[in-house]
Amino acid sequence: MVLRRTLTWSAGLTTLLAGTVLASATIGSAEIGPQAAFLSILNGLATPVPTTSGLVWVHPFGFDLPDTTEYIVRGLRLPRIALGAIVGFALALAGTVMQGFFRNPMADPSIIGVSTGAAVGAVAFIVLPVSVSYGLPAFAFVSALLAAFGVYLIASEDGRTPVATLLLAGVAVQTFLGAVISYMLLYAGDSLETAVYWLMGHLQHSTWSRVRIAAPVVAVLFVVLLAYARDLNVLLLGEEDAHTLGIDVERTKRILLVGSTTVTAAAVAVSGVIGFVGLIVPHMMRLVVGPDHRILIPTSALAGAVFLVATDTIARMGPGEMPVGIVTAALGAPFFLYLLRKREVHSL
């Protein structure tokens, strides 16, 4: 029953994601019809074929399209759409796990300082005279993990990590790191605009190389976190009950924390700080599919991909392109308030 529901919801959300991707590929300053966009996407598909010299990637489709259309769709729009889907997938995945971990539907991926830690690394790279290939995402990723690890060390005591202490430590570290960011921005000089733009969260400079960096990390951690969906369900009963039922509570908490932290760091490192995806999407899906994480984790992740691709499309529709982080907050906050007014927050 659970598997059937998971597959049904996942198939529906995957279809919705495909439609959103196609619609997004047609929207931009250059008008491209849905048929041309669809054929261009098909031209980009490749399958591995074994040969005597190893695997060779073969493109099964070869529709005749103008080079300009191919470049706009596959060179400019698709990398951005793909990265948006990956980041939305990752943030919603992490938000779902965090809400279950803290047993609080108001939790989100940044609750233990991951996003703020990434921001410190990114702003430091922008402000300081450093020039390294992929330096910005690398600095952001490493500093995000360091911030989360610091929070974990502060909250741990005698091999245990109380959830309440972890939450309070996260708030304190976030506040301190926020002060560090403000100090760096104060002396950023000509780099101030770049740093502030990154902090708003955007997908404007997406490339296939960034997609290749983020996609494997997110895919692997999705499998790991999904494997612990049942344990996460048991943890909702309380740590004592979970231990009684045979769950190694501390080990499970560490794996969930490391997995959700790393997947958040990977997303923030390539996109900047995009808020609200990890908060509102899991909550919305919980209202629809219920609190069972075996269903909630994959459906929330797919819904997050749909949500961010759609909001980023809105962000680039106007005459002046906006960072997608502004759009997610502007659309997400009122809708979330509407949910709170119309319905009680769904219990975990």
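Relevant structure appears above.
Values in this document were obtained by computation on a predicted structure and should not be read as measured data.

Conventions adopted
- Residues numbered from 1 in each chain as written.
- Predicted model: local features only at pLDDT ≥ 70, side-chain atom pairs only at ≥ 80, totals over all residues.
- Heavy atoms only, no water.
- Axes fitted to C-alpha atoms, helices over the stretch in contact; angles between N-to-C directions.
- Helix = DSSP H or I, 4+ residues; strand = E, 2+ residues; numbered from the N terminus.
- Parallel < 35°, antiparallel > 145°, perpendicular 65-115°, else oblique.
- Left-handed = near helix turned anticlockwise from the far one by under 90°.
- Contact = heavy atoms within 4.5 Å.
- Nonpolar A, V, L, I, M, F, W, Y, C, P; charged D, E, K, R; others polar.
- Pairing = 2+ DSSP bridges.
- Buried < 20%, exposed > 50% of the residue type's maximum accessible area, 1.4 Å probe, protein only.
- Polar contact = N/O pair within 3.5 Å; in protein donor to acceptor, adjacent residues only side chain to side chain.
- Lys, Arg positive; Asp, Glu negative; His and termini not counted.
- Salt bridge = Lys/Arg side-chain N within 4 Å of Asp/Glu carboxyl O.
- Patch = residues over 30% accessible without salt bridge, like charges linked within 9 Å, V, L, I, M, F, W, Y side chains within 5 Å.
- Areas by Shrake-Rupley, 256 points an atom, 1.4 Å probe, with all protein chains shown as cover.

A closer look at the packing of helix α4 (residues 114-127) against helix α7 (residues 192-200)
Part 1: Interhelical geometry of α4 versus α7 gives an angle of 155° and a closest axis separation of 9 Å. With respect to α7, the element α4 is oriented roughly antiparallel. Relative to α7, the crossing made by α4 is right-handed. Seen from α4, the contacting residues are A118, A119, A122, V123 and I126; seen from α7, they are T194, A195, W198 and L199.
Part 2: Here the contact of α4 with α7 is built from residues that sort into eight nonpolar, one polar and no charged.

Regarding the pairing of strand β2 (residues 54-58)
Part 1: Pairing analysis gives five bridges linking strand β1 (residues 47-51) to β2, with the strands arranged antiparallel. Within the sheet, the bridge partner assigned to V49 lies in β2 and is V56.

Focus: the environment of R210
Part 1: Here R210 is to be found in helix α8 (residues 208-227).
Part 2: Of the residues examined, R210 reaches a relative accessible area of 19% and is grouped as buried.
Part 3: Separated by 53 residues in the primary sequence, R210 and E157 have C-alpha atoms spaced 38 Å apart.

Topic: the packing of helix α12 (residues 277-289) against helix α13 (residues 293-315)
Part 1: Look at α12 against α13: their axes get within 9 Å of each other, and the N-to-C directions meet at 125°. In this view, α12 runs oblique relative to α13, as classed from their interaxial angle. For the element pair α12 and α13, the recorded crossing hand is right-handed. On the side of α12, the interface is formed by V277, V281, P282, M285, R286 and V289, while α13 contributes I295, L296, T299, S300, A303, G304, F307 and L308.
Part 2: Here the residues of the contact of α12 with α13 are counted per class, giving ten nonpolar, three polar and one charged.

Points about the side chain of E70
Part 1: Relative to the elements of secondary structure, E70 occurs in helix α3 (residues 67-101).
Part 2: Accessibility expressed as a relative area gives 15% for E70, which makes it buried.
Part 3: Reaching out from E70, the side chain makes a polar contact with the side chain of S40 at a distance of 2.7 Å.
Part 4: At a separation of 2.9 Å, a polar atom in the side chain of E70 contacts the side chain of N43.
Part 5: Ignoring anything within four residues of it in the chain, the contact list for E70 reads S40, N43, F63, L65 and G75.

Re the side chain of R316
Part 1: If you trace the backbone, R316 turns up in the loop between α13 and α14 (324-342).
Part 2: Notably, R316 is buried but unbridged: the nearest opposite-charge side chain belongs to D312, and the N-O separation is 4.2 Å.
Part 3: From its side chain, R316 meets the backbone oxygen of I27 in a polar contact 2.4 Å long.
Part 4: Those residues in contact with R316 that lie beyond four places of it in its chain are S24, A25, I27, G28, R77, R80, I81 and E321.

Observations concerning the environment of T328
Part 1: In this structure, T328 sits in helix α14.
Part 2: C-alpha separation for the pair T328 and V277, spaced 51 residues apart in sequence, amounts to 7.0 Å.
Part 3: Contact partners of T328, with chain neighbours within four places excluded, come to I274, G275, F276, V277, F307, L308, T311 and A333.
Part 4: There is a polar contact of 2.9 Å between the side chain of T328 and the backbone oxygen of G325.

Quick notes on the pattern of salt bridges
Part 1: Under the criterion given, the structure shown has seven salt bridges.
Part 2: Ionic pairing is found between D312 and R80, a salt bridge with its closest N-O pair at 2.8 Å. Of the two residues, D312 sits in helix α13 while R80 sits in helix α3, which places them 232 residues apart along the sequence. Comparing D312 with R80, the two get one shared label, buried.
Part 3: In this structure, E250 engages K253 in a salt bridge whose closest nitrogen and oxygen atoms are separated by 3.4 Å. Here E250 pairs with K253, and both are found in helix α11 (residues 249-271), just three residues apart, close to one helical turn. Grouping residues by exposure puts E250 and K253 together as buried.
Part 4: Where salt bridges share partners, they join R160, E239, E250 and K253 into one cluster.

Some remarks on a nonpolar patch on the surface
Part 1: Where nonpolar side chains cluster on the molecular surface, the patch consists of L45, F61 and F63 and spans about 250 Å² of accessible area.
Part 2: Here F63 is to be found in the loop between β2 and α3.
Part 3: Classification of F63 by relative accessible area gives partly exposed; the value is 34%.

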